[in-house]
Amino acid sequence: MVHAERAALIGDLERLDDERWDEPSLCAGWTVHDVVAHLVDTARTTRPGFLIGLARARFDFDRQNARGVERERGASPGETLERLRRVASRTSTPPAPLDSRLVEEIVHGEDIRRPLGLARSYPKEAVVRSLRLQARTPASFGGAKELVARARLTASDADVSVGEGPEVRGPALSLLLAVSRRRVALDDLEGEGVTALAAAV
């Protein structure tokens with residue numbers, strides 16, 4: 001599933017003019033080009049490499065990610081896209097659950113696609129697995145365990161409901177993006193818990 005998402009994103013990026021790579025993504029402070037470079041970096045990451053890189057970044061995840069973007073961003077969009085092609089079939093992973101690779105590909109895929117006006121119909125299983133992982137992962141590791149303690153997330157298009165509290169209902173992809181702190185997805189959601197969720201995102 002991870003490889004399929006990488007291939008789909010490559011297909012979308014191949015159709016972009018170079019100037020569109022400079023557009024802001026949903027990741028604050030990162031352009032589309034930066035997010036693609038980040039995906040190259042995470043695809044290359046191994047368990048030992050992640051730990052060494054984190055130590056060198058003084059255990060600052062943001063600093064580690066910024067260094068990865070700087071390292072993997074090519075001199076042109078074409079160069080960075082070629083780097084993504086070369087790592088698309090890799091199976092290496094940092095010391096994290098394998099489903100974290102799905103979260104990376106789907107959430108960052110939307111960080112790129114939504115500002116560019118692109119759409120993808122993601123496999124439901126991939127989105128549901130990503131949502132379930134985010135719901136049980138603490139915020140300190142990029143998850144939403146604390147957020148789902150405030151609201152019950154119920155997908156309107158999949159058989160999944162996680163969390164406690166007032167209900168938040170909407171498409172599984174929008175729920176995933178919201179608990180991954182992408183506020184743009186809040187407009188797709190409804191229910192008594194939306195206000196509490198929005199305040200925490």
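Structure: see above.
In this text, all values refer to a predicted model and were calculated from it rather than measured experimentally. (Residues numbered from 1 in each chain as written. Predicted model: local features only at pLDDT ≥ 70, side-chain atom pairs only at ≥ 80, totals over all residues. Heavy atoms only, no water.)

**Notes on a negative patch on the surface**
Residues Asp-17, Asp-18, Glu-19 and Asp-22 make up a contiguous surface patch of negative charge. Examined against the element boundaries, Asp-17 turns out to sit in the loop between helix H1 (2-14) and helix H2 (32-44). When its relative accessible area of 47% is taken as the criterion, Asp-17 is described as partly exposed. (Patch = residues over 30% accessible without salt bridge, like charges linked within 9 Å, V, L, I, M, F, W, Y side chains within 5 Å. Areas by Shrake-Rupley, 256 points an atom, 1.4 Å probe, with all protein chains shown as cover. Salt bridge = Lys/Arg side-chain N within 4 Å of Asp/Glu carboxyl O. Lys, Arg positive; Asp, Glu negative; His and termini not counted. Charge placed at Lys NZ, Arg CZ, Asp CG, Glu CD. Helix = DSSP H or I, 4+ residues; strand = E, 2+ residues; numbered from the N terminus. Buried < 20%, exposed > 50% of the residue type's maximum accessible area, 1.4 Å probe, protein only.)

**What about the sheet that holds strand S1 (residues 152-155)?**
Taken in spatial order, the 3 strands make up an open sheet running S2-S1-S3, and their pairing is mixed. This sheet does not close on itself; its edge strands, each paired only once, are strand S2 (161-163) and strand S3 (167-170). Ignoring strand direction, the axes of neighbouring strands in this sheet form an average angle of 20°. Taken together, the 3 bridges between S1 and S2 define a ladder with antiparallel strand orientation. Bridge pairing links Leu-153 to Val-162 in S2. Contacts from helix H8 (residues 172-179) reach S1 and S3, with the element oriented near 150° to S1. (Pairing = 2+ DSSP bridges. Axes fitted to C-alpha atoms, helices over the stretch in contact; angles between N-to-C directions. Contact = heavy atoms within 4.5 Å.)

**Some points on the side chain of His-38**
Summarising the element assignment, His-38 is placed in helix H2. A polar contact is formed between the side chain of His-38 and the side chain of His-108, at a distance of 3.4 Å. Once you skip the residues sitting within four places of it in the chain, His-38 turns out to touch Trp-30, Asn-65, Val-69, Glu-104 and His-108. (Polar contact = N/O pair within 3.5 Å; in protein donor to acceptor, adjacent residues only side chain to side chain.)

**So, the packing of H2 against helix H4 (residues 61-72)**
Orientation of H2 relative to H4, taken along the N-to-C sense of each, is 100°, at an axis distance of 8 Å. With respect to their mutual orientation, H2 and H4 come out roughly perpendicular. On the side of H2, the interface is formed by Asp-34, Ala-37, His-38, Val-40, Asp-41 and Arg-44, while H4 contributes Asn-65, Gly-68, Val-69, Arg-71 and Glu-72. Among the residues forming the contact of H2 with H4, the class breakdown is 3 nonpolar, 3 polar and 5 charged. (Parallel < 35°, antiparallel > 145°, perpendicular 65-115°, else oblique. Nonpolar A, V, L, I, M, F, W, Y, C, P; charged D, E, K, R; others polar.)

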